[in-house]
Amino acid sequence: MNSRTARRPTIIDVAIAAGVSKSLVSLVLRGASNVSVEKRRLVRAAAADLGYRPNAVARSLVQRRSNLIGVLLSDLHNPFFADVIDGVLEAAGSNGYNTIMSVADHGALAERRALDTLLELRIDGLIIASPTVEANAIAAAGREMPIVLVAGRARISDVDSVSNDDSIGAALVVQHLADLGHQRIAHIDGGGGAGADRRRKGYERAMRRLGLGAFMRVVAGSYTDEGGRKGVSALFSHSQSPTAIFIANDLAAHGALIALSLLGLRVPEDVSVVGYDNTTLTPGSHIHLTTVDQPRPDMGRTSVTLLLERLAGGRDAARHLLMPPNLVVRGTTAPPRATRQGD
């Protein structure tokens, strides 16, 4: 018989091979202490000889706990999420949980299907990173199990969330550029990306607060290389070009740097550039991007902590946590040319 189609050994097979009852095998496999050393040895030897693997689904039905956390990503290509997931995996593993991940990077419909699939797998809780699926679908799922949103677009009353304070991050960028002497500070926004609206509004508020409202300019972009390229094209087709650009995330900033180079503009000599996220592409040998750092692994770890609080039964009310950002100044910002000595 083909090994792939051979019947898998069951707990009954193990009991017969070991010469014990099915219930005793179950006790041994659960690690119960009230089993003799000899019986434990017999059961484990029989299980090993047969290649028996416990049925995790059946066990979760009995115990009403799978020790499995689901993670749903909306964008596999954004390096922001890799760091968040590192934090999730670390915290889940240290608390005895495994993780199962699903990626739905083709829009809300694909994400809804992935959400339904994860719910069917009887996971104990779910972390959704930057969701695009409708809030009512998430709210409905939240009535079945604990859910935490990471970098979500909106708060949902019964669902926990962990976000970066995007408005504060944008204000840090504008203040830094203004302190360098820039006035014509433009913003390439993140379109419908999570946090993009708050970053844009934070930029606008900071510009007005610093008396720079007359120089404010926002062009459409997205959290992609292409979004940064298109944003630069829109900004520099205008007669009054900016001396500094705040770009909604690092991926778009990477595209913007390429576009500026193709226009023959030097960074930061001709134009300063600031990104957002402080992802792994920023400190590289050829990209020393000034950017806003989000505590991404901490956001992942915190999301697991919130899930475990719910699973322990110690909390029913939702918590919405805002984690503070920090500005990381590198080599893509400098005073505008007109204010530099010798220019």
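Here, the structure is the one placed above.
Residues numbered from 1 in each chain as written. Predicted model: local features only at pLDDT ≥ 70, side-chain atom pairs only at ≥ 80, totals over all residues. Heavy atoms only, no water.

Focus on the overall build of the protein
A tally of helices and strands in the protein yields 12 helices and 12 strands. By residue count, 47% of the 343 residues in the protein fall in the buried class. Within the protein, contacts between residues separated by at least 24 positions form 69% of all contacts whose residues are at least 6 apart in sequence. (Helix = DSSP H or I, 4+ residues; strand = E, 2+ residues; numbered from the N terminus. Buried < 20%, exposed > 50% of the residue type's maximum accessible area, 1.4 Å probe, protein only. Contact = heavy atoms within 4.5 Å.)

Focus on the packing of helix α5 (residues 79-94) against helix α12 (residues 296-311)
When two helices pack together, their arrangement is given by the angle between their axes and by how far apart the axes lie. Interhelical geometry of α5 versus α12 gives an angle of 40° and a closest axis separation of 7 Å. Comparing the axis directions of α5 and α12 gives the class oblique. Here α5 runs over α12; the crossing is right-handed. Packed against α5, whose contacting residues are Phe 80, Asp 83, Val 84, Gly 87, Val 88, Glu 90, Ala 91 and Ala 92, the element α12 presents Arg 296, Pro 297, Met 299, Gly 300, Arg 301, Ser 303 and Val 304 at the interface. Grouping the constituent residues of the contact of α5 with α12 by class yields 8 nonpolar, 3 polar and 4 charged. (Axes fitted to C-alpha atoms, helices over the stretch in contact; angles between N-to-C directions. Parallel < 35°, antiparallel > 145°, perpendicular 65-115°, else oblique. Left-handed = near helix turned anticlockwise from the far one by under 90°. Nonpolar A, V, L, I, M, F, W, Y, C, P; charged D, E, K, R; others polar.)

Thoughts on the nonpolar core
Formed by 25 residues in total, the largest nonpolar core has its most connected members in Ile 69, Ile 127, Val 150 and Val 304. Every element with two or more residues in this core is listed here: β1 (68-73), α5, β3 (125-129), β4 (147-150) and α12. The element that contributes the greatest number of residues to this core is α5, accounting for 7 residues. Leaving out residues up to four positions away in the same chain, Ile 127 has contacts with Ile 69, Gly 70, Val 71, Leu 72, Val 88, Val 148, Val 150, Ser 303, Val 304 and Leu 307. (Core = buried A, V, L, I, M, F, W, Y, C linked by side-chain atoms within 4.5 Å.)

Some words on the sheet that holds strand β10 (residues 290-293)
Judged by pairing direction, the sheet is mixed, and its 6 strands sit side by side in the order β7-β6-β8-β9-β10-β12 without closing on themselves. The strands lining the two open edges of the sheet, one partner per strand, are β7 (217-219) and β12 (326-328). In this sheet, neighbouring strand axes are inclined to one another by 20° on average, regardless of whether the strands run parallel or antiparallel. As paired elements, strand β8 (residues 244-247) and strand β9 (residues 272-277) share 3 bridges and run parallel to each other. Along β9, the bridge assignment pairs Ile 245 with Val 273. Packed on one face of the sheet, helix α8 (residues 166-179) meets β6 (185-188), β8, β9, β10 and β12 and runs near 160° to β9. Taken strand by strand, helix α11 (residues 250-262) contacts β8, β9 and β10, and its axis lies near 160° from that of β9. (Pairing = 2+ DSSP bridges.)

Here's the deal with the environment of Asp 316
Mapped onto the secondary structure, Asp 316 falls in the loop between α12 and β11 (320-323). Under the relative-accessibility criterion, Asp 316 is labelled exposed at 72%.

Quick word on the packing of aromatic side chains
Scanning the model with the defined rule gives 1 aromatic pair in all. Between the aromatic rings of Phe 246 and Tyr 276, the centroid separation amounts to 6.4 Å while the plane-to-plane angle is 40°, which identifies the pairing as tilted. Of the two residues, Phe 246 sits in strand β8 while Tyr 276 sits in strand β9, which places them 30 residues apart along the sequence. This pair shows no difference in class: Phe 246 is buried, exactly as Tyr 276 is. (Phe/Tyr/Trp six-rings, centres within 6.5 Å; stacked < 30°, edge-to-face > 60°.)

Let's talk about the sheet that holds strand β2 (residues 98-103)
In space, the 6 strands of this open sheet follow the order β2-β1-β3-β4-β5-β11, with parallel pairing throughout. Only two strands of the sheet have a single neighbouring strand rather than two, namely β2 and β11. Strand-to-strand twist in this sheet, taken as the mean axis angle between neighbours without regard to direction, amounts to 15°. Bridge analysis of β4 against strand β5 (residues 160-164) gives 3 bridges, and the strand direction is parallel. Bridging from a neighbouring strand, Val 148 pairs with Asp 160 of β5.

Observations concerning the pairing of β8
For a regular strand, the rule is simple: side chains alternate between the two faces of the sheet. Of the two faces of β8, the one carrying Ala 244 and Phe 246 and the one carrying Ile 245 and Ile 247 are both buried. The pairing of β6 with β8 spans 4 bridges and is classified as parallel. For His 187, the partnering residue across the bridge sits in β8 and is Phe 246. Once the chain exits β8 it traverses α11 before rejoining the sheet at β9, and the crossover so formed is right-handed. (Right-handed = clockwise from strand over helix to strand, strands pointing away.)

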